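Chain by chain, the residues:
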Amino acid sequence: MGFAEEKPIYLQISEKIEDAILSGAFEENTQIPSTTEISVNYKINPATALKGISLLVEEGIVYKKRGLGMFVAPGAKERIEKKRRNNFYDSYVRTLVSEAKKLGLNKKDLLEQIERGFDDE
Amino acid sequence: MSRIEISHLTKTFGKTKALTDVSLEFESGHIYGLLGRNGAGKTTLLNLITGRLFPDSGEITVDGEPVLENDRALSKIYCMTEGSKYPDRMRVVDALSWSAEFYPNFGGKYARSLCKKFDLNEFQKIGGLSTGYTSIFKLIIALACGSEFVLLDEPVLGLDANHRELFYRELIENFSSSQRCFILSTHLIEEAATLIDRIIIVKNGTILLNEDAQDILESGCTVSGPADLVDRYVQGKKLIGSDKLGGLKSAYLMEPCTHVPDGLTVGTLDLQKLFIQLTNA
Amino acid sequence: MNQKRFFSIVRYQLHDFKKSAMIMYSCVYFLFIVSCIDHNTLPSDKHVTLNGMELVSMITLLVIGLVSFKENFNFFSINGISRRTQFFSTLFFFGILCAIFALIDTLNVAVFPHISNYTPLFLLLYQPAFQGFGPAAYFLMLVTNFLLLWVVYIFISMVGLFITTLYYRMNRGMKIAVSVGVPVILVNGINLLDAYLLHGKLMQWITQALCAVWGLSGGCHPFVAIGSHVLLACCFSALTFLLARKAVVKK
C-alpha cells in the first residue's frame with residue numbers, strides 16, 4: 001500500500017497528487033481521479049481522500065467543476081514548485097545537515113557530496 | 001440520514017457481564033470500526049442491535065423506533081454473523097433470491113457480479129462451501145442487501161489476500177456511492193485502520209473509546225530513539241505505552257509531539273499499537 | 001411491505017416441504033394402486049384391505065412440525081424478520097398445508113372405496129351421524145371429512161411445532177429431564193397409578209376424555225370433534241407462541 005508512518009494519510013494523498021502534477025502526469029485543466037477512485041485504489045475511507053483533495057483546493061492547486069469532478073488549476077505546477085522551494089530547507093536540508101553531523105561530516109565534506117550529486121546527473 | 005441509538009445497554013449471560021451500560025450512536029455516511037479483544041462483547045452488541053438477543057436493560061432504536069420485534073426497523077439492518085445461518089442444502093443463487101424477497105433494495109445484478117468477481121459458483125450448496133467461501137457468500141449478501149445499516153462481524157475470516165483486497169475495494173466503492181452505514185467488527189486492525197472513519201474500542205463489556213479516527217490518530221504520536229532520550233522527552237506527557245528493543249525505545253503519546261529534540265524521530269500514532277496498548281492492562 | 005414479507009415466508013416454507021409432500025403422496029398412491037390392482041385381479045376370497053392412510057398424513061405433518069423451528073428461526077432472523085411475524089406466517093403456512101393434505105385425503109375418500117377395498121378412517125367412526133340425510137348425506141360426509149381432517153392435521157402440526165420450540169428453548173438439563181421424564185410418566189406412571197392407587201379409574205377417565213374430544217360419547221357428533229381439535233390446536237399454538245417470542249440465537 002505504500003503508506004509510511006511519518007505523515008497522516010490525507011497529507012500523503014495530496015502530496016502524491018502534487019507529485020503527479022509536477023511530473024506532468026496530470027496536466028493543467030485535465031481531470032484528476034475522483035475521491036471514489038482514489039479511495040478504492042488505496043483502500044482508504046473516502047473522507048480521508050476528500051480531506052487530501054480539499055487541502056489542494058484550499059491551496060489553489062485543483063478546482064471543482066460542478067457535475068464533472070476535480071481538475072488541475074492553471075499555474076498549479078508553478079504554485080507547487082514555489083511551495084516546495086519554500087519548504088525545501090525544512091523538508092530536506094535540516095535532515096541532511098543533522099544526518100551529516102551524526103556521521104561526523106563537516107560543512108566542507110557535505111558541500112563536496114552535494115557537488116558530486118550535481119556532477120553525477 | 002438514518003441513525004441507530006443505543007442507550008444504557010446491559011447484557012449478562014449467567015454470571016458473565018457481557019455488556020455494561022453501553023451507549024453508542026451509529027449514523028449513515030460512516031464506516032465504524034468496532035474493535036475489541038476476543039470476548040470483549042462485540043458479537044453480543046451486534047446480536048443485540050439486530051434483536052437476536054434480548055437486553056437485560058437499556059434500549060436500541062433505529063430512527064427513533066425500538067428495534068425489538070419491529071419488522072420495519074429490522075429491515076433497515078443487515079448483519080453478517082459468524083457462522084452460517086442459512087440452510088446447508090440451499091444453493092447460493094436461491095439464498096440471493098430469497099434475500100431479495102426480504103430486503104426490498106437488494107441488488108440482484110450487483111450480487112451476481114460480485115459472485116463472478118469472487119469466483120463463487122452460484123449453484124453450489126451453502127453447506128458445501130469452504131470457510132473462506134462461506135465468508136465470501138455472506139459478505140456478498142451484506143454488500144448487496146441495500147439496507148441502511150450493514151453490520152460485518154469478521155468479514156474476511158478465511159479469505160486469502162487477493163479476496164481481502166477485493167472486498168475492501170468493493171466495500172469502499174459501495175460506501176462511496178451509497179453512503180450507508182457500515183459497522184466493521186474485526187481483529188485485523190492494520191487492514192481496517194485506513195477504511196474506518198470512527199473508532200469504537202470495546203473492553204470487558206464497556207466502551208473504552210468512541211472517536212473520529214482521524215482526530216484520535218492526529219492527536220497522538222509515536223516518538224522513537226535512544227531510550228534515555230525518549231524517557232526524558234515523555235516526562236509529564238500523556239503516555240499510553242511503549243515498546244523497547246535493547247537501548248531503543250518507541251513511546252506512544254496521546255498528545256501532539258512538538259519540539260522534538262535531535263536524535264528522536266516522530267511518527268503518526270498507529271491504530272493497532274494504540275489498540276494493543278489500551279486493551280492490554 | 002410487511003404483508004409481502006409475511007407471504008414470502010409462507011411461500012418459502014411451502015417450497016421447502018414440497019418435496020417431502022410429493023414423496024409422501026407418491027408412497028400413498030403407490031399403495032393405493034397396489035390395492036386397486038389386487039382388488040380387481042385376485043380371486044374374491046383373497047384380498048388386501050387398505051385403511052387409515054390418513055395416519056400417513058398425520059405422521060408427515062407431525063414431522064414437518066418437528067423440523068419447523070430451528071433452521072427457519074435462524075434463516076428468518078438473519079433476514080430481519082421479527083419473531084411475531086415468523087410465528088404467524090408459520091401458522092398460516094400450516095393452515096394452508098393442512099388444508100391441501102385434507103383436500104387430497106378427502107378426494108381419496110371419495111374415489112378409492114369404489115375401486116378398491118379401502119375404508120377411510122373417519123367414516124368408520126362417524127357414519128351413523130349421517131343416516132338421516134338422504135342423498136345429501138354423502139356430500140355432507142365428505143365436507144365434514146375435509147373439515148375434520150383439516151383441524152386434526154393442524155392440531156398435530158401444532159403439537160410438533162410446540163415440541164420443537166420447547167426443545168429449542170430448553171437447556172441441556174431440561175432436555176434430558178423432559179425426554180426421559182415425559183415418556184416414563186406417560187407409560188409407567190399411569191400404569192402404576194392405576195394398578196396400585198386408582199384401580200383402573202385413570203385409564204377409564206382417559207378413555208372417556210378421548211371419547212368426549214372425538215365426539216363419540218353418547219352418540220356420534222363429528223362437529224364436537226372438529227370443535228375440540230380447534231380448541232386443542234389453539235392451546236398448543238398459544239403455548240408455542242409464548243415459547244417462540246423469547247427465543248434467542250444460539251452458537
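Coordinates for the structure precede this section.
Here, residues in each chain are numbered from 1, in the same order as that chain's written sequence. Throughout, the order in which chains and ligands are written sets their labels, letters from A for the former and numbers from 1 for the latter. Per-residue local features are limited, in this predicted model, to residues with pLDDT of at least 70; the limit for side-chain atom pairs, both in listing and counting, is 80 or more; totals at the level of whole chains, interfaces and linings are taken over all residues. Note: side-chain values were computed over all heavy atoms of the structure, leaving out hydrogens and water.

Engineer: How should I be thinking about the overall build of chain C in this particular structure?
Structural biologist: Across its full length, chain C carries nine helices and two strands. Along its sequence from the N terminus, chain C presents helices and strands in the succession α-β-α-α-α-β-α-α-α-α-α. Taken over the C-alpha atoms alone, chain C extends approximately 60 × 55 × 35 Å along its principal axes. Classification of the 251 residues of chain C by burial places 42% in the buried group. Here a residue-residue contact requires only that any non-hydrogen atoms of the pair lie within 4.5 Å. The contacts of chain C with a sequence gap of at least 6 include a subset with a gap of at least 24, amounting to 80%. Total accessible area computed for chain C in this model is approximately 13,500 Å², and 73% of it derives from carbon and sulfur atoms. Secondary structure elements are defined from DSSP: runs of H or I of at least 4 residues count as helices, runs of E of at least 2 residues count as strands, and each element is numbered from the N terminus. Only protein chains enter the calculation, and the probe is 1.4 Å; a residue is then buried if its accessible area is under 20% of its type maximum, exposed if over 50%, and partly exposed in between. With residues, only the protein chains shown are counted as cover, and all accessible areas are computed by Shrake-Rupley using a 1.4 Å probe.

Engineer: Is there a simple way to think about the overall build of chain A in this case?
Structural biologist: Across its full length, chain A carries five helices and two strands. When the elements of chain A are put in sequence order from the N terminus, they spell out α-α-α-β-β-α-α. Expected size for 121 residues packed as a compact globule is a radius of gyration near 14 Å; at 18 Å, chain A overshoots this value by more than 25%. For chain A, restricting intrachain contacts to residue pairs at least 6 apart in sequence, the fraction spanning at least 24 positions comes to 51%. Positive charges are assigned to Lys and Arg, negative charges to Asp and Glu, while His and the chain termini are left out of the count. Where a charge lies is defined by one atom per residue type: Lys uses NZ, Arg uses CZ, Asp uses CG and Glu uses CD. Distance between charge centres in chain A, computed from 19 positive and 20 negative side chains, equals 6 Å. A radius of gyration in this sense is built from C-alpha atoms; the matching globule rule multiplies 2.2 Å by the number of residues raised to 0.38.

Engineer: Is there a simple way to think about the nonpolar core in this case?
Structural biologist: Across soluble globular proteins, nonpolar side chains have a tendency to be buried as a group. Ranked by size, the top nonpolar core spans 63 residues in total, and within it Tyr 78, Tyr 86, Phe 137, Ile 140, Leu 152, Phe 167 and Ile 199 of chain B carry the most contacts. Of the residues forming this core, the biggest block, eight residues, is contributed by helix α5 (residues 131–144) of chain B. Each of two domains, domain 1 (3–212) and domain 2 (219–280) of chain B, supplies a minimum of three residues to this core. Among residues more than four places away in sequence, those in contact with Tyr 86 of chain B are Tyr 78, Ala 95, Ser 99, Ile 126, Phe 137 and Ile 141 of chain B together with Phe 75, Ile 78 and Asn 79 of chain C. Definition used in this section: a nonpolar core is a set of buried Ala, Val, Leu, Ile, Met, Phe, Trp, Tyr and Cys residues joined via side-chain atoms within 4.5 Å. For every domain, the bounds stem from an assignment made automatically or drawn from a database.

Engineer: What should I look at first to understand the interface of chain B and chain C in this one?
Structural biologist: By a widespread convention, an interface's size corresponds to the accessible area lost as its parts come together. The partner chain C presents 28 residues to the 25 residues of chain B that form the contact. By definition, the buried area sums, over both parts, the 1.4 Å-probe accessible area that each loses when the two are put together. Around 2,600 Å² of area is buried between chain B and chain C when both sides are counted, 56% of it from carbon and sulfur atoms. By definition, a salt bridge exists where a carboxyl oxygen of Asp or Glu is found within 4 Å of a side-chain nitrogen of Lys or Arg. On the surface where chain B and chain C come into contact, there are five salt bridges. Of the charged contacts in the structure, one is a salt bridge between Asp 16 of chain C and Arg 89 of chain B, with a shortest N-O distance of 2.9 Å. Any pair of nitrogen or oxygen atoms within 3.5 Å is treated as a polar contact; in protein, a donor-acceptor pairing is required on top of that, and neighbouring residues in sequence qualify only through side-chain atoms on both sides. On the surface where chain B and chain C come into contact, there are 14 residue pairs in polar contact (both at pLDDT 80 or more). For the side of chain B that touches chain C, the secondary structure elements donating two or more residues are α2 (71–74), β6 (77–80) and α3 (92–102) of chain B. With five residues, α3 of chain B is the single largest residue contributor to the side of chain B that touches chain C.

Engineer: So what exactly am I meant to see when it comes to the side chain of Ser 237 of chain C here?
Structural biologist: Mapped onto the secondary structure, Ser 237 of chain C falls in helix α9 (residues 222–244). For Ser 237 of chain C, the residues in contact, after removing those within four places along its chain, are Phe 87, Leu 91 and Met 158 of chain C.

Engineer: I keep staring at unusual backbone geometry and nothing clicks. Help me out?
Structural biologist: Among all residues save glycine, negative phi is the norm, and among peptide bonds the norm is trans. Residue and element names in this part refer to chain B. Despite not being glycine, Gln 179 has its phi angle at roughly 55°, a positive value. Structurally, Gln 179 can be placed in the loop between α6 (161–178) and β8 (181–185). Phi is positive for Asn 204, which is not a glycine, with a value near 50°. For Asn 204, the location among the structural elements is in the loop between β9 (198–203) and β10 (206–212).

Engineer: How do you make sense of a nonpolar patch on the surface when you look at a structure like this?
Structural biologist: Residues and elements named next belong to chain C. Patches here are clusters of residues that have more than 30% relative accessible area and form no salt bridge, with a 9 Å joining cutoff for like charges and a 5 Å cutoff for nonpolar side chains (Val, Leu, Ile, Met, Phe, Trp, Tyr). Residues Leu 55, Ile 59, Val 63, Leu 66, Val 67 and Ile 163 make up a contiguous nonpolar surface patch of roughly 480 Å² in combined accessible area. Ranked by residues supplied to the nonpolar patch, first place goes to helix α2 (residues 54–66) with four residues. Considering the arrangement of structural elements, one finds Val 67 in the loop between α2 and α3 (70–78).

Engineer: Could you clarify how one ought to interpret the sheet that holds strand β3 (residues 31–36) of chain B in this entry?
Structural biologist: Where strands meet in a sheet, backbone hydrogen bonds hold them as pairs that are either parallel or antiparallel. Residue and element names in this part refer to chain B. In space, the six strands of this open sheet follow the order β6-β7-β8-β3-β9-β10, with mixed pairing throughout. The two strands at the open ends of the sheet, each matched to only one other strand, are β6 and β10. Strand-to-strand, the axes of this sheet are offset by a mean angle of 15°, without reference to chain direction. For two strands to be treated as a pair, DSSP must find at least two bridges joining them. As paired elements, β9 and β10 share six bridges and run antiparallel to each other. Counted as the bridge partner of Val 202 is Ile 207 from β10. In this description, a line fitted to the C-alpha atoms serves as the axis of each element, helices being fitted only across the stretch in contact, and the angle between N-to-C directions of two axes falls anywhere from 0 to 180 degrees. With respect to the sheet, helix α1 (residues 42–49) is in contact with β3, β6, β7 (149–153) and β8, its orientation differing from that of β3 by roughly 135°. Contacts from helix α10 (residues 271–280) reach β3, β9 and β10 within the one sheet, and its direction differs from that of β9 by about 25°.

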